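Spelled out, the chains give:
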Amino acid sequence: MNSAFQLFCRLARKVRPHVPILLLALFSMAMVAIFTSAFALMVKPLMDDVLVQSPSATAYAVPAFINRALDLFRNSPIGHQGASLPVLMLLIIIFFFKCLFAYLATFFMVSVGQRVVLELRNELFSHLLEQSTAFFHRHQTGRLISRVTNDVEKIQMAVSEVVGDLIREGFTLIGLLCVIFFWDWKLSLIVIVFVPIAIYPLVNFGKKLRSGSVRSQEKLADISHLLSETITGHRIVKAFTMEDFEREKFQMATDRLFRVNLRITRLVALSSPVMEMLGAVAGSLVIFYGYHQIRSGAMSVGQFTSFLASLIMLYAPLKRISRVNATIQQALAAASRVFEMLDTHMEIPESPDAIELGRTAGSVRFDSVCFSYDHHPVLRYVDLEVKRGEVLAIVGLSGAGKSTLVNLLPRFYDVTDGAVLIDSIDIRKVTLRSLRSQIGIVTQETILFNDTVANNVAYGLKNMNRAAIEAAALAAHAHEFIASLQRGYDTMLGEKGQTLSAGQRQRLAIARVILKDPPILILDEATSALDTESELMVQRALANVIANRTTLVIAHRLSTVRRADKIVVLAEGEIKEWGTHEELLNRNGIYSKLYDLQFSDAEVAVFPERGQRIRRSRA
Ligand code: ADP
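Reference entry: report on the structure contained in this document. (Residues numbered from 1 in each chain as written. Predicted model: local features only at pLDDT ≥ 70, side-chain atom pairs only at ≥ 80, totals over all residues. Heavy atoms only, no water.)

1. Topic: unusual backbone geometry
- Positive phi values are uncommon outside glycine, yet R411 reaches one of about 60°.
- You can see R411 is positioned in the loop between α11 (402-407) and β4 (417-422).
- For R411, a relative accessible area of 1% gives the class buried.
- In this structure, N548 is a non-glycine residue whose phi angle is positive, near 65°.
- Of note, N548 is situated in the loop between α17 (532-546) and β8 (550-554). (Helix = DSSP H or I, 4+ residues; strand = E, 2+ residues; numbered from the N terminus. Buried < 20%, exposed > 50% of the residue type's maximum accessible area, 1.4 Å probe, protein only.)

Spelled out as structure tokens, the structure:
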């Protein structure tokens, strides 16, 4: 799908809605070309009538329309002031229009490009939002970000600058060619022979640039990825004292980018001087010829100067068009990446006759559920039932499939076999939106958005009043610390805002869920220990959020497993044991071993229901 022509057609389709503005731009560009050529012609009267004032020069007439325009001035009072004023007046008027249309052409063209970018960026973002968890797992964050930012920007350049330059300079090129042919068609033909010689290396440069640009973008995306990895994982890097390792990895990545960019720079830098050199040789030959023409009386000084001026002016559009090629190649590479992403469809499919899931009672059943990631089986024939309002704790070693299991409920992934049912309805038969509205999720890492505390708590909910938000925060034991922030509920959070402790973030996440008030709750308990006071607050908040909700919790805390109505032990993707805490401990199986491993360190366990801290003793 990535042939240059197909890419071009797809881009053209994006431009189609903006054809009226494009036409205005094209008209302005044609006018720029006409006025530029008129200026080139004006060099003749400027030389012959104003500067040299050679009487014989009138034998070599300028085109009729220039003469007519000049006559307008010659017959006006200005004309009586001498031969120079009409020529200069006309020059100024020509320049005025050339500049005016140049402004309009650029403005219209860039605005088309920006409109295309606006739509493309929004399209890409909503496409991203639609994608499944598997998609985000497969694509590096840095690369995805670079598609929506850098690549789209490159396409804008293509549409505004490239198309603009190509057409405007193309028109100008044609206009100036007409001028030189008008003065001396034989010499013009000879000059034109030089053009293909100049163009050949450009085409070659272009090809190399295109492949270089693809590699450069890839290397840059690698750097973005490394950056986002290190920034989000900075604590891990520090904890493992991997600074030197990360530094070296980063330096290697920047070095690779540097090399690729250097190669591109060499090509870009070379293309202009090559053109200039060719121009110099051609120019000297032309002047040599002109000298003889003037001496033999075949041309006037003004006529030859106009010819020469047009020739020199031809260089600018040629040079620009050669640059355009480089930008086109870069933009096509970017467009191919953008379209590739738009063509990747990893959405969770929604059945065409999906029904709205109303407010559920909240009973959850896993029916012979099997799940594989890309043919790698993770869950095997899992049967589970959680009744309305029950708390199910899922325990198991890391990698046992706990997260995978709970991710099936909001359909972040779909089962490979079997079914997940809510109130006996297969969740694939209901709309994603209504399904997810019934589920609240509190993960280990709380994501806070760059917004106020109130809006972070009310995330995803429309028209929430302040009283409801405060009530949720109160139930989540977050009200007190929020009230102590400088601007209370209006304090900005997120990247550029107030920083909160891990415990405070968790309580905000809990407030979010309390406000959303879903009948079903998925809880991924944080493995990292909080200080005892925070821990106590979080546990109390959790007790409030769990009440009256069907809860599936990936448990890491003794207090949680004790409180659970049922515990399942996952190992190698299967449920190996189930029962209550006491039952499982007495069985002396995997759970009791896990208990030693995961819950039996000398950590202080918190029992909020008793409101006191006790040092856990072995059961
Ligand atoms: P747990 O939550 O118990 O630690 P997970 O459900 O995260 O376990 O992982 C279960 C298995 O599935 C592990 O072997 C893990 O490597 C694999 N896995 C998890 N997520 C993905 C994914 N997106 N793609 C491929 N394999 C995955």
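From this point, the discussion proceeds with the structure in view.
2. Quick word on the nonpolar core
- Core analysis: the biggest nonpolar cluster contains 47 residues, and L508 and I510 have the highest contact counts within it.
- Sort the elements by how many residues they give to this core and helix α16 (residues 502-516) lands first, with 7 residues.
- Dropping the residues within four chain positions of it, L508 is found in contact with L448, V453, V457, F481, I482, L493 and L500.
- F35, V87, L90 and L308 belong to the second largest nonpolar core, which has 33 residues in total. (Core = buried A, V, L, I, M, F, W, Y, C linked by side-chain atoms within 4.5 Å. Contact = heavy atoms within 4.5 Å.)

3. Quick look at the environment of L227
- Mapped onto the secondary structure, L227 falls in helix α7 (residues 185-232).
- For the pair L227 and K319, spaced 92 residues apart in sequence, the C-alpha to C-alpha distance is 38 Å.

4. A short note on the packing of α16 against α17
- Between α16 and α17, whose axes approach to 9 Å, the crossing angle comes to 10°. Judged on the interaxial angle alone, α17 and α16 are roughly parallel. Across the interface between the two elements, G503, Q506, R507, I510, V513 and I514 from α16 touch S534, M537, V538, A541, L542 and V545 from α17.
- Classifying every residue of the contact of α16 with α17 by side-chain character gives 8 nonpolar, 3 polar and 1 charged. (Axes fitted to C-alpha atoms, helices over the stretch in contact; angles between N-to-C directions. Parallel < 35°, antiparallel > 145°, perpendicular 65-115°, else oblique. Nonpolar A, V, L, I, M, F, W, Y, C, P; charged D, E, K, R; others polar.)

5. What to know about the packing of helix α1 (residues 4-15) against helix α10 (residues 301-343)
- Contact pair α1 / α10: the axes reach a minimum separation of 10 Å and the direction vectors enclose 75°. Taken together, the axis directions place α1 and α10 in an arrangement best described as roughly perpendicular. Residues A4, L7, F8, R10, L11 and K14 of α1 form the contact with α10, whose participating residues are L332, A335, S336, F339 and D343.
- A class-by-class count of the residues in the contact of α1 with α10 yields 7 nonpolar, 1 polar and 3 charged.

6. A look at the sheet that holds strand β10 (residues 574-579)
- Pairing is mixed across the open sheet formed by 6 strands, whose spatial order is β6-β7-β8-β3-β9-β10. Two strands lie at the open edges of the sheet, namely β6 (439-442) and β10, each paired on one side alone. Across the sheet, the axes of successive neighbouring strands diverge by a mean angle of 20°, strand direction being ignored.
- Note that strand β7 (residues 520-524) and β8 share 5 bridges and pair parallel. The partner of L521 across the bridge, within β8, is T551.
- Seen against the sheet, α16 touches β6 and β7 and runs at an angle of roughly 175° to β6. (Pairing = 2+ DSSP bridges.)

7. Here we look at helix α3 (residues 64-74)
- Three or more residues of α3 are buried, namely I66, L70 and F73. Buried positions in α3, seen along its axis, are confined to an arc of 50° and lie on one side of it. Opposite the packed face of α3, turned more than 90 degrees from it, sit the exposed residues R68 and L72.
- Looking at the packing, one finds that the buried side of α3 touches α2 (19-51) and α4 (84-130). (Arc of directions from axis to C-beta.)

8. Description of the environment of M492
- The topology assignment puts M492 in the loop between α15 (479-484) and α16.
- Residue classification places M492 among the partly exposed residues on the basis of a relative accessible area of 38%.
- As for M492 and F449, which are separated by 43 residues in sequence, their C-alpha atoms are 9.1 Å apart.

9. Quick notes on the site of the ligand
- Residues in close proximity to the ligand include H137, Y373, V378, L397, S398, G399, A400, G401, K402, S403, T404 and Y413, which together make up its full environment.
- Between Y373 and the ligand, the recorded distance is 3.3 Å, taken from a side-chain N or O atom to a nitrogen atom.
- A400 has a polar backbone atom sitting 3.1 Å from an oxygen atom of the ligand.
- Protein chains bury 68% of the 560 Å² of accessible surface belonging to the ligand in isolation.
- Counting residues per element, the shell around the ligand draws most heavily on α11, which supplies 3 residues. (Near = heavy atom within 4 Å. Polar contact = N/O pair within 3.5 Å; in protein donor to acceptor, adjacent residues only side chain to side chain. Areas by Shrake-Rupley, 256 points an atom, 1.4 Å probe, with all protein chains shown as cover.)

Everything listed is a geometric property; what it means functionally is a separate question.
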